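# Geometric and topological summary
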Amino acid sequence: MDDLHSWPERIAEREGDYLTPDDLQDLIRYSLSFQERLELYQVLQQQELTWIQKVLQQQGHSGGTESPLTPSQRLLARQLAFCLRSLGLSLLIGDPTPVQQVTLGAMEQYLGLPQALAQLRAVVQGSLPADQQGLLAPYWQELQAVCATSQAQFPSPSSSRSEAEVDLPTVPPERALTLAEMFV
Amino acid sequence: MNSRVAELMQQSEGRYLRPDELKTLHAYVEGIPKRVRLYQVLQAKEQELLDRVMEKFQPMMPNLIRQHGHLAWERCRRDLSMVWRYCCMAMLLNDEDYLRDKLLYWLETILKSFKMRDQCQPAYKLMLDSLTYIFGAEESEMIRPYLLLAKSMLVN
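Residues numbered from 1 in each chain as written. Chains lettered and ligands numbered in written order. Predicted model: local features only at pLDDT ≥ 70, side-chain atom pairs only at ≥ 80, totals over all residues. Heavy atoms only, no water.

### Notes on the packing of aromatic side chains
- Summed over all chains, the structure comprises six aromatic pairs over all chains.
- Between Y41(A) and Y16(B), the aromatic rings sit 5.5 Å apart at their centres with planes inclined by 70 degrees, giving edge-to-face as the arrangement. Linking Y41(A) in helix α3 (residues 34-58) with Y16(B) in the loop between α1 (3-11) and α2 (19-30), this pair reaches from one chain into another.
- A cation sits over an aromatic face here: R10(A) above W7(A), 4.2 Å from the ring centre.
- Positioned above the aromatic ring of Y133(B) is the side chain of R52(B), whose terminal nitrogen or guanidinium carbon lies 3.9 Å from the ring centre. (Phe/Tyr/Trp six-rings, centres within 6.5 Å; stacked < 30°, edge-to-face > 60°. Helix = DSSP H or I, 4+ residues; strand = E, 2+ residues; numbered from the N terminus. Lys NZ or Arg CZ within 6 Å of the ring centre and 35° of its normal.)

### Details of the interface of chain B and chain A
- Chain B puts 30 residues into the contact, and the matching count from chain A is 29 residues.
- Together, the buried faces of chain B and chain A total about 2,700 Å²; carbon and sulfur atoms form 71% of this surface.
- The largest per-residue losses of area from chain B upon contact with chain A belong to M1(B), Y16(B) and R85(B), which jointly make up 26% of the total buried on that side.
- The interface formed by chain B and chain A contains one salt bridge. (Contact = heavy atoms within 4.5 Å. Buried area = accessible area lost by both parts, 1.4 Å probe. Salt bridge = Lys/Arg side-chain N within 4 Å of Asp/Glu carboxyl O.)

### With respect to the domain arrangement of chain B
Residue and element names in this part refer to chain B.
- We note that the domain assignment places domain 1 (1-30) and domain 2 (33-154) within chain B.
- Each of domain 1 and domain 2 has a C-alpha centre, and the two are 31 Å apart.
- It is N2, S3 and Y28 in domain 1 that bury the most area against domain 2; as a group they hold 73% of the surface buried on that side.
- Our enumeration of links across domain 1 and domain 2 arrives at zero salt bridges. (Domains from an automatic or database assignment.)

### As for the pattern of salt bridges
- Counted by the stated rule, this structure contains 19 salt bridges over all chains.
- R10(A) is the partner of D26(A) in a salt bridge, and the nearest nitrogen-oxygen pair spans 3.0 Å. Separated by 16 residues along the polypeptide, D26(A) in helix α2 (residues 21-32) and R10(A) in helix α1 (residues 7-13) bring together distant segments of the chain.
- For D26(A), a relative accessible area of 17% puts it in the buried group.
- Across the pair R78(B) and D79(B) runs a salt bridge, and its minimum N-O distance is 3.2 Å.
- A relative accessible area of 23% means that D79(B) is categorised as partly exposed.
- Salt bridges sharing partners connect three or more residues here, namely R10(A), D23(A), D26(A) and R29(A). (Buried < 20%, exposed > 50% of the residue type's maximum accessible area, 1.4 Å probe, protein only.)

### Concerning the nonpolar core
- Counting 106 residues, the largest nonpolar core has L120(A), L25(B) and W84(B) as the members making the most contacts within it.
- Element by element, the count of residues in this core is highest for helix α6 (residues 72-93) of chain B, at 14 residues.
- Counting only domains with at least three residues in this core, you end up with domain 1 (1-30) and domain 2 (33-154) of chain B.
- Sequence-distant contacts of W84(B), defined by excluding residues within four places in its chain, comprise Y18(A), L42(B), E46(B), L49(B), M127(B), L131(B), F135(B), I143(B) and L147(B). (Core = buried A, V, L, I, M, F, W, Y, C linked by side-chain atoms within 4.5 Å.)

Quick look at the structure:
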């Protein structure tokens, strides 16, 4: 499914009429791929903690899964988990809506998220076989598109920095915006 | 995606689906190819069905044009086609709520306000009776619950 469409939108567009042959073919393709989607969804569920831990390490967290996290690391871990779960849900139902909605919300919670999500994508895709990478790729692209749109609307102070310049845990990854900055 | 699955998605926001929820989703998705196949048959034979219904309905309503104008039969066929298409979509989605929410509550109000329920009643009975003449057993049985729901809300 290279071109992702929301099923509720497609159905709404054809209200009072029949779905197009292309829509019906997509439905069948989705149904036939469901077992693969389900297996990958379960991999995401099983590996979530490991993958997020790797991202936190790349962000400078030196401890293991049991070591305490700073508040900003906890926030980042939570937002990464939300995004990964929404990615999984979108994959499972064949609809980009969850990943669009959750990523947008997560971006508002943590402005340094795009860099961390790029790291998470590299970690996840690097851990999967090629066929599962391919199945997940359109949803990562959707997630990145949401990040790009959100960044264009609300550019973070550090958005021009490279991933190698991500802050260490002793310093918050992003300084908190003031109300005045948020409502410019 | 039907309303039951949509509800499942909303309830699961921020967490992974539980095994029972995955089972519900799996059962729904597994049925899609069969529903698509039936949907295509129902679509292909819509005109044949409506021709048969209109052919039998018109002699039953000799005064319809005098009562409702020269477009009355055209509008009647258009409305039956609309109901049929919403029923087909509801069957495809396995979702009676879709039919109720998107069409029946609205059309019920229209038919009541124009006092058309009694006049339209035979058309829905004819549609139901015609199913087995036009379609095979499987198609008829899959679409019948939606047509019965439409009939019960619109003209009973």
